[in-house]
Amino acid sequence: MSAIPDDYVNYKSTQEMTSDNVPKMFLHLHNTRAGVYGKICVISGQLKFYGFADRRGEVEQEIIIKAGDFAVSPPEYWHKVEFLTDNTRFRVDFYAQKDSDIVAQNSSERNK
């Protein structure tokens, strides 16, 4: 599993998600934008993370994330998640290099 570099900071987080409010894109193949790591944090239940070598590739990793654990999706990595329990709740924390435009733009949006 990928590690988030030390000079990256959390610049944005999703709301807490359940099977009732999860955006459909999380359940289908999508990727993390360039320069951004996604940290999938499971609060309760279990979630399965699928990682793909490329957009049309085979599954190259499957990780079961239990409550209190997390998985990291590196920049531009194709992935999706699957709910394994009815009580699953999770959020995604997004990290970018602390001096990047991504962090600066999100910081200015928060201060409006």
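Above this text you will find the structure in question.
In this text the structure is predicted, and so the values were computed from the model without any measurement.

Cut-offs and rules
Residues numbered from 1 in each chain as written. Predicted model: local features only at pLDDT ≥ 70, side-chain atom pairs only at ≥ 80, totals over all residues. Heavy atoms only, no water. Pairing = 2+ DSSP bridges. Helix = DSSP H or I, 4+ residues; strand = E, 2+ residues; numbered from the N terminus. Buried < 20%, exposed > 50% of the residue type's maximum accessible area, 1.4 Å probe, protein only. Core = buried A, V, L, I, M, F, W, Y, C linked by side-chain atoms within 4.5 Å. Contact = heavy atoms within 4.5 Å. Salt bridge = Lys/Arg side-chain N within 4 Å of Asp/Glu carboxyl O. Axes fitted to C-alpha atoms, helices over the stretch in contact; angles between N-to-C directions.

Caption draft 1: Spatial organisation of the pairing of strand β8 (residues 89-97). Taken together, the 5 bridges between strand β1 (residues 8-13) and β8 define a ladder with antiparallel strand orientation. Looking at β8, one finds that Y8 is bridged to Q97. In terms of strand pairing, strand β3 (residues 36-44) meets β8 through 8 bridges, oriented antiparallel. Bridge pairing links S44 to R89 in β8.

Caption draft 2: Region of interest: the sheet that holds strand β4 (residues 46-52). Spatially, 4 strands are ordered β2-β7-β4-β5 in an open sheet, and the strand pairing comes out antiparallel. Here the strands that pair on one side only, and so sit at the sheet edges, are β2 (30-31) and β5 (59-66). Alignment of β4 against strand β7 (residues 78-83), held across 6 bridges, turns out to be antiparallel. Bridging across to β7, F52 finds its partner in W78.

Caption draft 3: Fine view of unusual backbone geometry. Here the phi dihedral of E76 falls at roughly 60°; this positive angle occurs in a residue that is not glycine. In this structure, E76 sits in the loop between β6 (70-73) and β7. With a relative accessible area of 52%, E76 lands in the exposed category.

Caption draft 4: Spatial organisation of the nonpolar core. Judged by nonpolar contacts, the single largest core of 21 residues is most densely connected at Y11, I40, L47, F49, I65, F90 and V92. Broken down by element, the residue count for this core peaks at 4 residues, all from β8. Every residue in contact with F49, bar those within four places of it in the chain, is listed here: I40, Q61, E62, I63, I65, A71, S73, Y77, H79, K80 and V81.

Caption draft 5: Local environment of the pattern of salt bridges. For the coordinates displayed, the defined rule picks out 3 salt bridges. Close ionic contact of E62 with K48 constitutes a salt bridge, the shortest N to O distance being 3.2 Å. Here K48 lies in strand β4 and E62 lies in strand β5, a separation of 14 residues in the sequence. You can call E62 partly exposed: its relative accessible area is 48%. Between D93 and R91 there is a salt bridge, with its nearest N and O atoms 2.9 Å apart. Relative accessible area serves as the criterion here: at 30%, R91 is assigned to the partly exposed category.

Caption draft 6: Examining the sheet that holds β8 more closely. Pairing in this open sheet of 4 strands is antiparallel, and the strands run β1-β8-β3-β6 from one edge to the other. Edge positions in the sheet fall to β1 and β6, since each has one partner strand and no second. With strand direction ignored, the average angle separating the axes of adjacent strands in the sheet is 30°.

Fair warning: the whole summary comes from geometry, so function is off the table for now.
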